[in-house]
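Coordinate analysis (summary)
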Amino acid sequence: MDLEAAGGAAAAAGHGKVRQPARVPGRWRGESWRATLLLAYQSLGVVYGDVATSPLYVYKSAFAGDDIQHSAGNEEIYGVLSFVFWTLTLITLLKYVLIVLRADDGGEGGTFALYSLICRHVRAGLLPGGGTRDELMEEDKAMGRHGERPVSRVRAVLEKYRVLQRLLLLFALLGTCMVIGDGVLTPAVSVFSAVSGLELSMEKEQHKYIELPVACAILVCLFALQHYGTHKVGFLFAPIVCIWLLCISAIGLYNIIHWDHRVYRALSPYYMYQFLKKTQTGGWMSLGGILLCVTGSEAMYADLGHFSQSSIQIAFISVVYPALVLAYMGQAAFISQHHNFESSYHIGFYVSVPESLRWPVLVIAILAAVVGSQAIITGTFSIIKQCSSLSCFPGVKIVHTSSTVHGQIYIPEINWMLMVLCLAVTIGFRDTKHLANAQGLAVITVMLVTTCLMSLVIVLCWNKSIFLALVFLLFFGTIEVLYFSASLVKFHEGAWVPITLSFIFMVVMCVWHYGTIKKYEFDVQNKVSVNWLLNLGPSLGIVRVRGIGLIHTELMSGIPAIFSHFVTNLPAFHQVLVFLCVKSVPVPHVQPGERFLVGRIGPKEYRLYRVIVRYGYRDVQKDDLEFEKELVSNIAEFIRSIGEYDKNGFVEDTDKPSEKLSPVSTGIPLWEEDGDLNASVSPHKEVDPQNIAPKRKKARFMIPKSAQVDSEVRRELQELMDAREAGMSFILGHSYMKAKSGSSFIKRIVINFFYEFLRKNSRGPAYAANIPHASTLEVGMVYQV
């Protein structure tokens with residue numbers, strides 16, 4: 001590595017750029033067919049529980065109210081079946097399984113992953129440390145592809161107008177908020193619909209007092225089990241979904257053969273035309289219930305990070321899709337031959353189940369509903385983690401429930417909040433009609449957002465023609481707008497719930513994002529120049545004490561204002577000072593070799609370093625001890641490697657666009673061993689584990705045999721080692737946000753009240769939670785923005 005290469009890498013680091021295999025999920029590449037089939041089996045329990053339980057309530061929701069009535073001619077039931085079949089085929093199979101699943105962001109899916117994918121290809125990121133399309137140029141060079149990609153007109157317009165970039169972020173946040181709303185509504189709809197089967201197995205007066213308590217008890221148990229993680233319950237869920245799919249497909253096939261084998265004719269699109277022609281406005285309004293046949297499709301894309309693209313496609317095409325088609329056809333075949341039931345019963349799922357099988361099917365349905373709820377809850381956890389990592393959601397506690405699958409997480413605060421909201425809507429509505437209306441609007445809104453973002457991906461990321469993107473947008477957008485209008489018209493019948501929830505979450509996200517941006521801009525505008533530090537002289541005019549001082553800052557260049565505030569009030573700091581910037585970048589994973597960027601501030605004898613540590617929104621941050629070892633090891637490797645080329649030391653020039661930061665792929669190993677605290681650095685000393693005394697451990701740098709290390713570099717390494725042995729202190733900024741005098745009334749309300757309330761009631765950065773309190777020093781500052 002030469003200095004120009006270091007500077008070039010630093011230029012990329014200055015904007016948080018990380019090369020990622022954005023087109024193919026690398027960790028699944030090269031998987032054997034056996035492994036793919038195993039993943040396909042496991043995906044049944046995590047991904048498809050929601051869409052698999054939709055036959056419980058689709059027909060009942062479509063015929064709910066006075067919109068349409070089932071007549072003796074069966075035009076209505078055949079028309080609904082035709083709509084269900086083609087909606088499931090076009091939206092779930094064609095759009096999601098065959099097209100959208102290909103738009104992975106390093107193997108991850110979901111609304112926010114689409115947004116980050118677009119931002120990494122276009123200069124449209126509004127988040128601190130957001131990536132740009134320059135990463136792809138770096139990736140092309142690494143892969144041997146040279147030349148600038150042609151700049152499309154869409155990209156030029158999006159990069160030019162800031163207002164379009166803000167609208168793009170708001171659009172992505174809208175889809176995210178609707179996913180959270182779906183996480184509240186789906187468990188309520190699925191569980192309540194499954195429990196409603198008691199109405200055919202009990203007396204009419206009794207089931208009224210049984211359904212609601214049973215549904216609430218199941219929901220409480222469901223959320224109480226979340227802390228075990230999907231990894232432990234996934235193997236239990238997959239057999240349940242398999243049994244459920246086998247059950248509904250067998251019952252559907254039986255009903256087709258026994259009651260109406262000609263029901264297959266309803267698969268013709270002609271019956272959709274006949275349906276709308278006869279029912280007109282009522283048929284259009286019933287589309288809000290028909291829409292529920294594709295609920296869970298977005299969760300399938302959001303959970304892409306847990307499985308491979310091919311495994312999800314195999315599971316859906318070979319198992320889920322045929323089972324659902326048979327189930328809907330069988331239910332329609334039974335209903336078409338039965339017109340003598342009471343209106344509240346004759347359309348439900350359980351009426352088409354043979355009476356001798358109703359109790360076993362009821363038990364399986366309840367278990368399958370729990371599985372379906374689990375899928376959307378897990379997806380909600382994942383998307384909130386993504387938003388929190390990219391400064392669009394207040395800090396929350398994130399617990400990783402699997403040591404091998406980093407995407408499987410549990411968020412306690414969100415879990416209990418979802419449980420309370422879910423119980424509230426279940427108790428408040430007490431029927432599937434209003435719950436289904438609310439869920440339908442949430443589902444179709446997320447799908448519309450995905451369609452719009454996907455059309456941008458086709459142009460900006462896949463470099464396809466704008467004509468192809470418009471065809472995708474118009475074809476699927478027209479279908480979804482039709483369903484959206486039918487769902488929105490039910491505003492007073494339950495659809496207001498997702499709108500209200502989304503509005504609340506949108507306000508929280510926008511306020512948090514706005515406050516975070518303003519805080520970052522204040523740091524940038526009030527940072528101290530390096531010249532100020534250099535003018536203090538070689539001794540810096542203050543006392544240097546033993547140890548390593550770690551100053552956490554959001555800045556990737558310059559000296560933070562908190563440092564000058566600290567030095568002004570306490571003119572002393574450690575013999576080795578490290579300005580540490582921990583950044584979350586809008587990519588799922590950062591490769592270990594690209595995680596640390598290390599540079600030196602000022603002359604070599606100052607012992608001032610800058611370290612930028614980058615994490616993707618799916619990466620797991622290590623605990624304090626492991627992080628401390630890795631940090632010191634990478635600084636040591638930087639000292640050794642840069643010493644081979646720079647004999648006189650170099651100065652970090654933060655007034656220029658590129659900082660001289662070097663990516664450190666492998667640090668010098670640290671070994672804990674007995675030894676004299678004043679011993680020199682040993683390059684090849686062997687360590688005997690049996691002679692290690694736990695109370696007197698010492699860190700030694702094991703320098704490679706081939707390394708040519710001069711005395712000056714060895715002295716700097718020795719001082720770094722001595723400083724680590726003396727201890728490490730963490731200097732954190734404790735900021736208070738306050739709007740400037742003369743600011744608008746809205747800004748004062750947003751900053752002084754809303755943002756400060758969220759800041760006080762949210763968790764700090766993940767790295768701050770692992771820092772020992774005995775080693776922490778907080779420096780308070782007031783940010784006037």
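Residues numbered from 1 in each chain as written. Predicted model: local features only at pLDDT ≥ 70, side-chain atom pairs only at ≥ 80, totals over all residues. Heavy atoms only, no water.

Structural notes on the overall build of the protein
Looking only at helices and strands, one finds 27 helices and 11 strands in the protein. Expressed as a percentage of the 785 residues in the protein, the buried residues total 58%. For the protein, the proportion of contacts with a sequence separation of at least 24, taken over those separated by at least 6, is 82%. Of the accessible surface of the protein, which amounts to about 32100 Å², a share of 61% is contributed by carbon and sulfur atoms. (Helix = DSSP H or I, 4+ residues; strand = E, 2+ residues; numbered from the N terminus. Buried < 20%, exposed > 50% of the residue type's maximum accessible area, 1.4 Å probe, protein only. Contact = heavy atoms within 4.5 Å. Areas by Shrake-Rupley, 256 points an atom, 1.4 Å probe, with all protein chains shown as cover.)

Considering the side chain of Arg358
Here Arg358 shows up in helix H17 (residues 358–389). For the buried Arg358, no salt bridge exists, and the shortest N-O distance to an oppositely charged side chain is 4.9 Å, to Glu355. Looking at Arg358, its side chain comes within polar contact range of the main-chain oxygen of Tyr350, at 3.3 Å. (Lys, Arg positive; Asp, Glu negative; His and termini not counted. Salt bridge = Lys/Arg side-chain N within 4 Å of Asp/Glu carboxyl O. Polar contact = N/O pair within 3.5 Å; in protein donor to acceptor, adjacent residues only side chain to side chain.)

Here we look at unusual backbone geometry
Backbone geometry at Gln280 places phi at a positive 55°, although glycine is not the residue there. As for its position among the elements, Gln280 is in the loop between helix H12 (270–279) and helix H13 (281–285). One non-glycine residue, Asn463, adopts positive backbone phi at about 60°. Of note, Asn463 is situated in the loop between helix H19 (432–460) and helix H20 (466–488).

Side note on H19
In this model, H19 (29 residues) spans 41 Å end to end at C-alpha, consistent with the 42 Å of a helix rising 1.5 Å per residue. Summarising burial for H19: 25 of the 29 residues are buried, a large majority. (Expected span 1.5 Å × (residues − 1).)

Structural notes on the packing of aromatic side chains
According to the stated counting rule, one finds 13 aromatic pairs in the structure shown. Aromatic pair Phe429 and Trp496: ring centres 6.2 Å apart, planes at 70°, arrangement edge-to-face. Highlighted residues: Phe429 in helix H18 (residues 412–429) and Trp496 in helix H21 (residues 496–525), separated in sequence by 67 residues. Overall, the relative accessible area of 17% leaves Phe429 in the buried class. An aromatic cluster is present here, built from Tyr78, Tyr270, Tyr271 and Tyr273 joined pairwise through their rings. The ring of Trp462 carries Arg102 above its face, with NZ or CZ at 4.7 Å from the centroid. (Phe/Tyr/Trp six-rings, centres within 6.5 Å; stacked < 30°, edge-to-face > 60°. Lys NZ or Arg CZ within 6 Å of the ring centre and 35° of its normal.)

A short note on the pairing of strand E3 (residues 543–552)
Examined bridge by bridge, E3 and strand E4 (residues 572–585) share eight bridges and lie parallel to one another. Across the sheet, the residue bridging to Val543 is Ala572, located in E4. (Pairing = 2+ DSSP bridges.)

A few points about the environment of Met272
With respect to the secondary-structure elements, Met272 resides in helix H12. Classification of Met272 by relative accessible area gives buried; the value is 18%. Along the sequence, Met272 and Phe83 sit 189 residues apart, while their C-alpha atoms lie 6.1 Å from each other. Apart from residues lying up to four places away in sequence, Met272 is in contact with Gly79, Ser82, Phe83 and Trp86.

Here we look at a nonpolar patch on the surface
Together, Val157, Tyr161, Val163, Leu164, Leu167 and Leu170 give the surface a local cluster of nonpolar side chains, amounting to about 480 Å² of exposed area. The greatest single-element share of the nonpolar patch, amounting to four residues, is contributed by helix H9 (residues 162–195). Considering the arrangement of structural elements, one finds Leu170 in helix H9. (Patch = residues over 30% accessible without salt bridge, like charges linked within 9 Å, V, L, I, M, F, W, Y side chains within 5 Å.)

A short note on the packing of helix H2 (residues 33–46) against helix H16 (residues 309–336)
Contact pair H2 / H16: the axes reach a minimum separation of 8 Å and the direction vectors enclose 65°. Of the two elements, H2 crosses H16, and the hand of that crossing is right-handed. In this structure, H2 contributes Trp33, Thr36, Leu37, Leu39, Ala40, Ser43 and Leu44 to the contact, and H16 contributes Ser310, Ser311, Ile314, Ala315, Val319 and Val320. Broken down by class, the residue content of the contact of H2 with H16 amounts to nine nonpolar, four polar and no charged. (Axes fitted to C-alpha atoms, helices over the stretch in contact; angles between N-to-C directions. Left-handed = near helix turned anticlockwise from the far one by under 90°. Nonpolar A, V, L, I, M, F, W, Y, C, P; charged D, E, K, R; others polar.)

A few points about the confidence of the model for the protein
Close reading of the predicted structure is inappropriate where its pLDDT is low. Confidence in the prediction of the protein, expressed as mean pLDDT, is 74, and 73% of residues score 70 or more. Of all the helices and strands in the protein, helix H1 (residues 3–13) carries the lowest mean pLDDT, 34, while H20 carries the highest, 91. With pLDDT under 50 throughout, residues 341–345 is counted as low confidence; its partners more than four residues away or in other chains account for 11 contacts. Confidence drops under a pLDDT of 50 for residues 670–699, and excluding neighbours within four residues, the segment shows 67 contacts in the predicted structure. (pLDDT = per-residue confidence, 0-100.)

Regarding the environment of Ile601
Position of Ile601 among the secondary structure elements: in the loop between strand E5 (596–600) and strand E6 (608–616). Considered as a pair, Ile601 and Val578 are 23 residues apart in the sequence and their alpha carbons are 9.3 Å apart.

Structural notes on the pattern of salt bridges
According to the stated counting rule, one finds seven salt bridges in the structure shown. The residue Glu716 makes a salt bridge to Arg600 at a minimum N-O spacing of 3.1 Å. Here Glu716 is found in helix H25 (residues 711–726), whereas its partner Arg600 is found in strand E5, with 116 residues between them in sequence. Residue class for Arg600 comes out buried when judged on its relative accessible area of 1%. Here Arg607 makes a salt bridge to Glu719, at a shortest N to O gap of 3.0 Å. In this pair, Arg607 sits in the loop between E5 and E6 while Glu719 sits in helix H25, placing the two residues 112 residues apart along the sequence. A relative accessible area of 23% means that Glu719 is categorised as partly exposed.

Re the nonpolar core
Soluble globular proteins tend to bury their nonpolar side chains together. In this structure, Tyr48 and Trp244 are the most contacted members of the largest nonpolar core, which totals 160 residues. Of all hydrophobic cores here, the second largest spans 28 residues; its members include Phe566, Ile731, Met737 and Tyr783. (Core = buried A, V, L, I, M, F, W, Y, C linked by side-chain atoms within 4.5 Å.)

Some thoughts on the state of the cysteines
All chains considered together, the criterion is met by zero disulfides. With no disulfide partner, Cys387 has as its closest neighbouring cysteine sulfur the one in Cys392, 6.0 Å distant. (Disulfide = S-S within 2.5 Å.)

Observations concerning the packing of H17 against H18
Packing of H17 against H18 leaves a shortest axis separation of 10 Å and a crossing angle of 130°. It follows from the interaxial angle that H17 and H18 lie oblique. Helix-helix and strand crossings are classified by hand; for H17 and H18 the assignment is right-handed. Contact residues: Thr380, Phe381 and Ile384 in H17; Ile414, Asn415 and Leu418 in H18. (Parallel < 35°, antiparallel > 145°, perpendicular 65-115°, else oblique.)

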